[in-house]
Amino acid sequence: MTSSKLKKTSFKKNTIALYECENKNILAVCRDGIYILKETKDRRQFNIVENYPIKDVFKNQKKDVSVNSFYEDKKTGAIWIGTNMGILKGTRKKDQYSF
């Protein structure tokens, strides 16, 4: 039996779901937002290449918003994010998600 070891990385956010994008970047759905990560060559670090804070998506809310769940529609590429304030749909356009 082989043993596997967890390796620490530079990404320290409370992560709900991870998804590998077509370009090998990682989409990380976290309690405070959505991050697109690019892994470094040594596979120990992640650079944030895109950041979508939940507080920016819900600018007019008076309550704190947190992410609870995530779903990716494989047919359309849309992402659905469940929050304590409702459901968000994100679509990819011109190398960015719009909500």
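For the structure, see preceding data.
Described in the following lines is the structure provided in the data block. As the structure is a prediction and not an experimental result, all values here were calculated from the model. (Residues numbered from 1 in each chain as written. Predicted model: local features only at pLDDT ≥ 70, side-chain atom pairs only at ≥ 80, totals over all residues. Heavy atoms only, no water.)

As for the packing of aromatic side chains
Next, step 1: As enumerated under the stated definition, the model contains four aromatic pairs in all.
Next, step 2: Aromatic side chains Tyr52 and Phe99 sit 5.7 Å apart centroid to centroid with 70° between the ring planes, which places their arrangement in the edge-to-face category. One end of the pair, Tyr52, is in strand 4 (residues 46–53); the other, Phe99, is in the segment after strand 8 (96–98), with 47 residues separating them in the sequence.
Next, step 3: A relative accessible area of 35% places Phe99 in the partly exposed class.
Next, step 4: Among the aromatic residues, those joined into a ring-pair cluster are Tyr52, Tyr97 and Phe99. (Phe/Tyr/Trp six-rings, centres within 6.5 Å; stacked < 30°, edge-to-face > 60°. Helix = DSSP H or I, 4+ residues; strand = E, 2+ residues; numbered from the N terminus. Buried < 20%, exposed > 50% of the residue type's maximum accessible area, 1.4 Å probe, protein only.)

Brief notes about the sheet that holds strand 4
Next, step 1: The four strands are arranged 1-2-3-4 in an open sheet whose pairing can be described as antiparallel. One side of each edge strand has no neighbouring strand; the edge strands of this open sheet are strand 1 (15–20) and strand 4. Within the sheet, the average angular offset between the axes of one strand and its neighbour, ignoring direction, is 20°.
Next, step 2: When strand 1 meets strand 2 (residues 26–30), the two strands line up antiparallel, connected through five bridges. Following the sheet pairing, Thr15 is matched in strand 2 by Cys30. (Pairing = 2+ DSSP bridges. Axes fitted to C-alpha atoms, helices over the stretch in contact; angles between N-to-C directions.)

Examining the nonpolar core
Next, step 1: Counting residues in hydrophobic clusters, the biggest one holds 15 residues, and the most contacted among them are Leu27, Ile54, Ile81 and Tyr97.
Next, step 2: Excluding its chain neighbours within four sequence positions, the residues that come into contact with Leu27 are Ala17, Leu18, Tyr19, Cys21, Ile34, Tyr35, Ile36, Phe70, Ile79 and Tyr97.
Next, step 3: With six residues, the next largest nonpolar core counts Phe11, Ala28, Leu37 and Phe46 among its residues. (Core = buried A, V, L, I, M, F, W, Y, C linked by side-chain atoms within 4.5 Å. Contact = heavy atoms within 4.5 Å.)

Remarks on the side chain of Thr83
Next, step 1: You can see Thr83 is positioned in strand 6 (residues 79–83).
Next, step 2: Assessed through its relative accessible area of 10%, Thr83 is described here as buried.
Next, step 3: Within the structure, the side chain of Thr83 is placed 3.0 Å from the backbone nitrogen of Met85, a separation counted as a polar contact.
Next, step 4: Contacts of Thr83, omitting those with residues within four sequence positions, involve Phe58, Val65, Ser66, Val67, Asn68 and Leu88. (Polar contact = N/O pair within 3.5 Å; in protein donor to acceptor, adjacent residues only side chain to side chain.)

Some thoughts on the layout of surface pockets
By rolling a water-sized probe across the atoms, one finds the places where empty space is left.
Next, step 1: In this structure, the largest pocket spans a volume of roughly 270 Å³.
Next, step 2: Lining the largest pocket we find 13 residues, and of these Tyr19, Cys21, Glu22, Arg92 and Tyr97 sit closest to its centre.
Next, step 3: Looking at the lining of the largest pocket residue by residue, the classes come out as five nonpolar, three polar and five charged. (1 Å grid on protein atoms, 1.4 Å probe; cavity = no way out; pocket = protein on both sides within 12 Å on 5 of 7 lines; lining within 4 Å. Points joined across faces, edges and corners; volume = space filled by probe spheres on them. Nonpolar A, V, L, I, M, F, W, Y, C, P; charged D, E, K, R; others polar.)

Quick word on the pairing of strand 5 (residues 67–72)
Next, step 1: With five bridges connecting them, strand 5 and strand 6 associate as antiparallel partners. By the bridge assignment, Glu72 is partnered in strand 6 with Ile79.
Next, step 2: Linking strand 5 back to strand 6 in an antiparallel pair, the connection comprises six residues, with Gly77 at a positive phi of about 80°.

Some words on unusual backbone geometry
Next, step 1: Its identity is not glycine, yet Lys94 carries a phi of approximately 50°, on the positive side.
Next, step 2: Position of Lys94 relative to the elements: it lies in the loop between strand 7 (86–93) and strand 8.
Next, step 3: Residue Lys94 is classed as exposed on the basis of its relative accessible area of 82%.
Next, step 4: Its identity as a non-glycine residue notwithstanding, Asp95 has a phi of 65°, on the positive side.
Next, step 5: Looking at the element boundaries, Asp95 is found in the loop between strand 7 and strand 8.

In short, the description is geometric, and any link to function would need to be established separately.
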